[in-house]
Amino acid sequence: MNEEKFDGILLAMAQQHEGGVHELLETFFSFLLRKTDFFTGGTPGAARKLLLEKFQKFEDKALAERRKKEQEKEEAERKRRERIARKQKEEQAAMELGSDDRVVELTDEEAAELQREMDEKARLKEAKLKEETKQNGGREESDDDVQEIQKTKKPNLGNGCDLPNYKWTQTLSEIELKVPIPANFKVKARDVVVVIEKKHLKVGLKGHPPIIDGELQHTIKIDESCWVMEDSKTIAITMEKINKMEWWSRLVTTDPEINTKKVNPEPSKVYASPS
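On a predicted model such as this, the values are computed, not experimentally measured, just so you know.

Here we take up the overall build of the protein chain. Looking only at helices and strands, one finds 5 helices and 10 strands in the protein chain. Residues counted as buried form 24% of the 275 residues belonging to the protein chain. The contacts of the protein chain with a sequence gap of at least 6 include a subset with a gap of at least 24, amounting to 60%. Accessible surface for the protein chain amounts to roughly 19,600 Å². Of this, 53% is attributable to carbon and sulfur atoms.

What follows is the structure, encoded as structure tokens:
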């Protein structure tokens, strides 16, 4: 039997029951009572026995699926930690190659202070350049520059974009995507569709139009990309970039563009200090 054959019909029914599973079961058993002899057509206790057998069958399936998803989530988390550790090791190696000075680990407070100092230096430099431009009789920005800025969106706090149906953030190494599922019932991994290709992404709920179905702006590493159900309402997707030297201005080519000149990468906690 094709268990997914009636998913579209059942999902449509479920969405019309604001009371959730309780109301859906009431409707189902009411139908059996009014339109069939399910409760009285067999020997005493036969209907109850059948219900318990089917319940046990699908409960076992649900528990097995949950164990599988927990294992997949643990594996995805392990890969994420490995990527972070590898990235930190690469950054440290690059720092050591670029300087023979002693490497110092900053605290969160010291890193924040360093970022404030960098921001202040950048602000002063920008003000100085504007002043020099005025003194030389030039223009700070051309009309074309202003129009280009107006066409783009300001990045969110994660250097990505908050869109009506999903939001994404990025580092130079990877993309983090959160896709809420528009359903009034608990969604499981088997209910969703996630297809991650080298330069294409499709995300949605089975039996419904996809939430995302488009060409990625740049290519990704499929083997280093993964997804999990973060909770019963949200799909979390991690995609590793192939080119780790560029900021994406959009997730898929149909998205509005963000101004990558306004990204604000976090300061590294490792920096070189005089020995």
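Moving on from the model shown.
Residues L201 and L251 are the most contacted members of the largest nonpolar core, which totals 31 residues. Listing elements by their share of this core, those giving two or more residues are α1 (7-15), β4 (174-180), β5 (192-197), β6 (200-205), β8 (220-231) and β9 (234-241). Not counting residues within four places of it along the chain, the set of residues in contact with L201 comprises L177, V195, I196, I212, D213, G214, L216, I237, M239 and L251.

Below, the discussion takes up the side chain of S225. Relative to the helices and strands, S225 resides in strand β8. Among the residues examined, S225 registers a relative accessible area of 12% and is labelled buried. Separated by 2.7 Å, the side chain of S225 and the backbone oxygen of K221 make a polar contact. Residues within four places of S225 in sequence aside, it is in contact with I196, I220, T238, M239 and E240.

So, about the sheet that holds β6. Here 3 strands make up an open sheet; going across it, the order is β5-β6-β7 and the pairing antiparallel. Looking at which strands have only one partner, the edges of the open sheet turn out to be β5 and β7 (212-215). Strand-to-strand twist across the sheet, computed as the mean angle between neighbouring axes with direction ignored, equals 5°. Where β5 meets β6, 6 bridges bridge the pair, whose relative direction is antiparallel. When the bridges of β6 are listed, V192 appears paired with L205.

Among the 8 residues of β9, 8 are classified as buried, and the element is accordingly described as predominantly covered. Neither face of β9 is left uncovered, since the one carrying T234, A236, T238 and E240 and the one carrying I235, I237, M239 and K241 both have all their residues buried. Judged from the 7 bridges that link them, β4 and β9 form a sheet pairing that is antiparallel. Pairing of L177 across the sheet is with I237, part of β9. In terms of strand pairing, β8 meets β9 through 7 bridges, oriented antiparallel.

As a further point, take the sheet that holds strand β3 (residues 167-170). Across a sheet, strands are paired by hydrogen bonds formed along the backbone, either parallel or antiparallel in direction. On the basis of which strands lie adjacent, the open sheet formed by 5 strands has the order β2-β3-β4-β9-β8 and antiparallel pairing. Sheet topology places β2 (161-162) and β8 at the edges, where each strand pairs with a single neighbour. Relative to β4, β3 runs antiparallel, the two being bridged by 4 bridges. Residue pairing in the sheet places Q170 in a bridge with I175 of β4.

A word on the packing of aromatic side chains. Here the structure, examined in full by the defined rule, presents 3 aromatic pairs. A ring pair is formed by F28 and F29, whose centres lie 5.8 Å apart and whose planes are at 65°; its orientation type is edge-to-face. Exposure remark for F29: the relative accessible area of 30% places this residue in the partly exposed category. Here F38 and F39 contribute two aromatic rings whose centre-to-centre distance is 5.2 Å and whose plane-to-plane angle is 80°, an arrangement assigned as edge-to-face. Aromatic rings pair up to connect F28, F29, F38 and F39 into one cluster. Here K69 stacks its cationic end above the ring of W227, 4.8 Å away from the centre of that ring.

What counts and what doesn't
- Residues numbered from 1 in each chain as written.
- Predicted model: local features only at pLDDT ≥ 70, side-chain atom pairs only at ≥ 80, totals over all residues.
- Heavy atoms only, no water.
- Helix = DSSP H or I, 4+ residues; strand = E, 2+ residues; numbered from the N terminus.
- Buried < 20%, exposed > 50% of the residue type's maximum accessible area, 1.4 Å probe, protein only.
- Contact = heavy atoms within 4.5 Å.
- Areas by Shrake-Rupley, 256 points an atom, 1.4 Å probe, with all protein chains shown as cover.
- Core = buried A, V, L, I, M, F, W, Y, C linked by side-chain atoms within 4.5 Å.
- Polar contact = N/O pair within 3.5 Å; in protein donor to acceptor, adjacent residues only side chain to side chain.
- Pairing = 2+ DSSP bridges.
- Axes fitted to C-alpha atoms, helices over the stretch in contact; angles between N-to-C directions.
- Phe/Tyr/Trp six-rings, centres within 6.5 Å; stacked < 30°, edge-to-face > 60°.
- Lys NZ or Arg CZ within 6 Å of the ring centre and 35° of its normal.

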